[in-house]
Amino acid sequence: MKKFKKRHPLYYYFKNIADGIISTYSGMKLTFSYIFKKPETIEYPEQPILIPDGYRGVHTLDKTKCIVCKSCQRACPTSCITIESNGVGKNADLTKFEVDYTKCLFCGLCSEVCVLQVVKLSPTPPVVVTDKKDITISLL
Ligand code: SF4
Ligand code: SF4
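This is a predicted model, so every value here is computed, not measured. (Residues numbered from 1 in each chain as written. Chains lettered and ligands numbered in written order. Predicted model: local features only at pLDDT ≥ 70, side-chain atom pairs only at ≥ 80, totals over all residues.)

1. Quick look at the sheet that holds strand E3 (residues 93-100)
Then, number 1: What the three strands build is an open sheet, ordered E2-E3-E5; its pairing is antiparallel. Either end of the sheet is taken by a strand with one partner, and the two such strands are strand E2 (81-86) and strand E5 (136-138). Direction aside, neighbouring strands of the sheet carry axes that sit 15 degrees apart on average.
Then, number 2: The sheet contact formed by E3 and E5 spans three bridges and is antiparallel. Among the inter-strand pairings, aspartate 100 is bridged to a residue of E5, identified as threonine 136. (Pairing = 2+ DSSP bridges. Helix = DSSP H or I, 4+ residues; strand = E, 2+ residues; numbered from the N terminus. Axes fitted to C-alpha atoms, helices over the stretch in contact; angles between N-to-C directions.)

Okay, here's the thing in structure tokens:
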């Protein structure tokens, strides 16, 4: 076990001052190194953002081809898809197809299970809203 060496109180006094100077210098050095660099942040949504390949954004739906099989709704792990229709199959009349983006994980499972590939995740980022109720979007 390491033995604690007791020192003169003045030693700790000056050591604290030295530690303060060193840590302030380290912090300011880092701060100044960023002052003249291009900012990493952007003013989204006013400024456009670069969308990488494979990005999963808000859904698109080809409602004319949807057969209302509801596979997407069943596959959704957070139950954020709501579908209502008059009938099922090719001639079904879709009356509601909504996604609640407060719950959506953008996992893409809904799109993967859709045999006709009519629901997809587009490269458009989620919309910005100020009221929670506005984030449930109808795809019709
Ligand atoms: S992306 Fe995932 S969480 Fe969002 S609606 Fe599709 S299955 Fe549900
Ligand atoms: S899985 Fe495809 S075809 Fe079936 S309800 Fe969903 S979007 Fe429509």
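2. Quick word on the pairing of E2
Then, number 1: Of the pairings in the sheet, the one linking E2 to E3 comprises six bridges and is antiparallel in character. Across the sheet, the residue bridging to isoleucine 81 is valine 99, located in E3.

3. Here we look at the site of ligand 1
Then, number 1: Among the 14 residues in the neighbourhood of ligand 1, the closest are listed as Cys76, Cys104, Cys107, Leu109 and Cys110.
Then, number 2: Its residues placed into classes, the shell around ligand 1 shows twelve nonpolar, two polar and no charged. (Near = placed C-beta within 6 Å. Nonpolar A, V, L, I, M, F, W, Y, C, P; charged D, E, K, R; others polar.)

4. Looking at the environment of glutamine 117
Then, number 1: As for its position among the elements, glutamine 117 is in the loop between helix H3 (109-113) and strand E4 (119-121).
Then, number 2: Overall, the presence of 10 C-beta atoms within 10 Å leaves glutamine 117 in the exposed class.
Then, number 3: For the pair glutamine 117 and aspartate 62, spaced 55 residues apart in the sequence, the C-alpha separation amounts to 8.7 Å. (Buried ≥ 20, exposed ≤ 12 C-beta atoms within 10 Å, placed from the backbone.)

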